[in-house]
Amino acid sequence: MLECCNSNGSLLLTEIQASGSTFGTYFCVTTFGESHGGGVGCVIAGCPPRLPLSEADMLVDLDRRYFCSKLLGFRSRWCYHSSLHFHHKFTTNCSSRRPGQSRITSSREETDTCKIASGTADGLTTGSPIKIEVPNTDQRGDDYSEMLLAYRPSHAVATYGFKYGVRSVQGGGRSSARETIGRVAAGAVAKKILKQYSGTEIIAYVSQVHNLVLPEDLVDHETMTPDQGLGSPVFDKLEAELAKAVMSIPATMGFEFGSGFAGTFMTGSEHNDEFYIDEHGKIRTKTNRSGGIQGGISNGEIINMRIAFKPTPTISRKQNTVTRDKRETELIACGRRDPCVVPRGVPVVEAMVALVLVDQLMAQYAQCVLFPINPALQEPLQLSKDKQLQVQF
């Protein structure tokens, strides 16, 4: 909150959002911290009260953010494509692996032990802002000395300098993937809300790394239906919110949902999803080329999304670049980084989608459930325990 006075001397109160670091409207998350600062984390505003919450709820996903080796062999579509499932039967059963135990992840050793600093009492959320902190314990700023003057090709550290006139070279500062720890912690809270509300779990899987592609017939595609009515028309469409969420993740380069770009090769009669009444008397579609979203609003079918990630820009091969004082030079980047970002990104994608769904769920309650629903057109938001939700990337 900023206090200022106008020309008449009257006191004005202006609320200023943390530019570029805050996501969500009702379930609002602000991440903070840098790769080589004192620590990283998030502040969650709008979390419902009386939700059981402890550090253990977040530690599972924070550990998964390191790397689970079986994910490469069995789950997702990233190109580095990535795919995401919401499923409470199709789970990942593998032990978390620390950095340095895989040749495609960073050797940086961080425990990522989180602490809830506010917003809970006696193990329950209080409805006030929740602050989650994770200290940095294994910084090596000297590893980045050769990049103090020379820009890393295709790395955001250059554009940060262009915008702010100052930059954090060590580890990339806010552009480092370490920023995503705050997202994963907040996403764990959102996922717990979704699970307690409807029994829904969210699971992402890697389907492609470079030219290694997961055969589609290895992925379980059981029918899973989310709530109808999530999302809003025009500017706040559900697919637009999901696209913004996942495209804010470092290194993302592409997003499509439903039939995506392949739909441009179809005619209307080929692409349309015909309606029918299922055995439970519910309106469904025979196909799902719409990806579970029509007009920006979920229709109750599976939500399908695909996300592409670029290769890591910080590489050990000699590259041509320029210095801050505009001299051409060559650079061989040092420092610790992930040779492939995709496995570590799996829980980050899950987290961002969970944040969108919880935010949209709260928006739907705020606007459309204050008064009794119209049973001729609407269904209650509460999902039965045997329903499932799948989102595939």
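Bear in mind the structure is a predicted one, so any value in this text is a computation, not a measurement. (Residues numbered from 1 in each chain as written. Predicted model: local features only at pLDDT ≥ 70, side-chain atom pairs only at ≥ 80, totals over all residues. Heavy atoms only, no water.)

**Topic: the sheet that holds strand 3 (residues 22-23)**
Part 1 of the argument: With respect to topology, five strands assemble into an open sheet ordered 3-4-5-10-7, the strand pairing being antiparallel. Each edge of the sheet is formed by a strand with only one pairing partner; in this case those strands are strand 3 and strand 7 (115-118).
Part 2 of the argument: Strand direction decides the pairing type here: strand 3 and strand 4 (residues 28-33), joined by two bridges, are antiparallel. Looking at strand 4, one finds that F23 is bridged to V29.
Part 3 of the argument: Against the sheet, helix 4 (residues 180-198) engages strand 4, strand 5 (39-45) and strand 10 (130-135), with an angle of about 35 degrees to strand 5. (Pairing = 2+ DSSP bridges. Helix = DSSP H or I, 4+ residues; strand = E, 2+ residues; numbered from the N terminus. Contact = heavy atoms within 4.5 Å. Axes fitted to C-alpha atoms, helices over the stretch in contact; angles between N-to-C directions.)

**Points about the packing of aromatic side chains**
Part 1 of the argument: By the definition in use, this model includes two aromatic pairs.
Part 2 of the argument: Residues Y151 and F162 carry aromatic rings whose centres are separated by 5.8 Å and whose planes lie at 70 degrees to one another, so their mutual orientation is edge-to-face. Here the residue Y151 occupies a position in the loop between strand 10 and helix 3 (157-164), and F162 occupies one in helix 3, the gap between them amounting to 11 residues.
Part 3 of the argument: Y151 sits in the buried class, given a relative accessible area of 13%.
Part 4 of the argument: Of the residues examined, F162 reaches a relative accessible area of 59% and is grouped as exposed.
Part 5 of the argument: Geometry around Y164 places K163 over its ring, the cationic atom sitting 5.5 Å from the centre. (Phe/Tyr/Trp six-rings, centres within 6.5 Å; stacked < 30°, edge-to-face > 60°. Buried < 20%, exposed > 50% of the residue type's maximum accessible area, 1.4 Å probe, protein only. Lys NZ or Arg CZ within 6 Å of the ring centre and 35° of its normal.)

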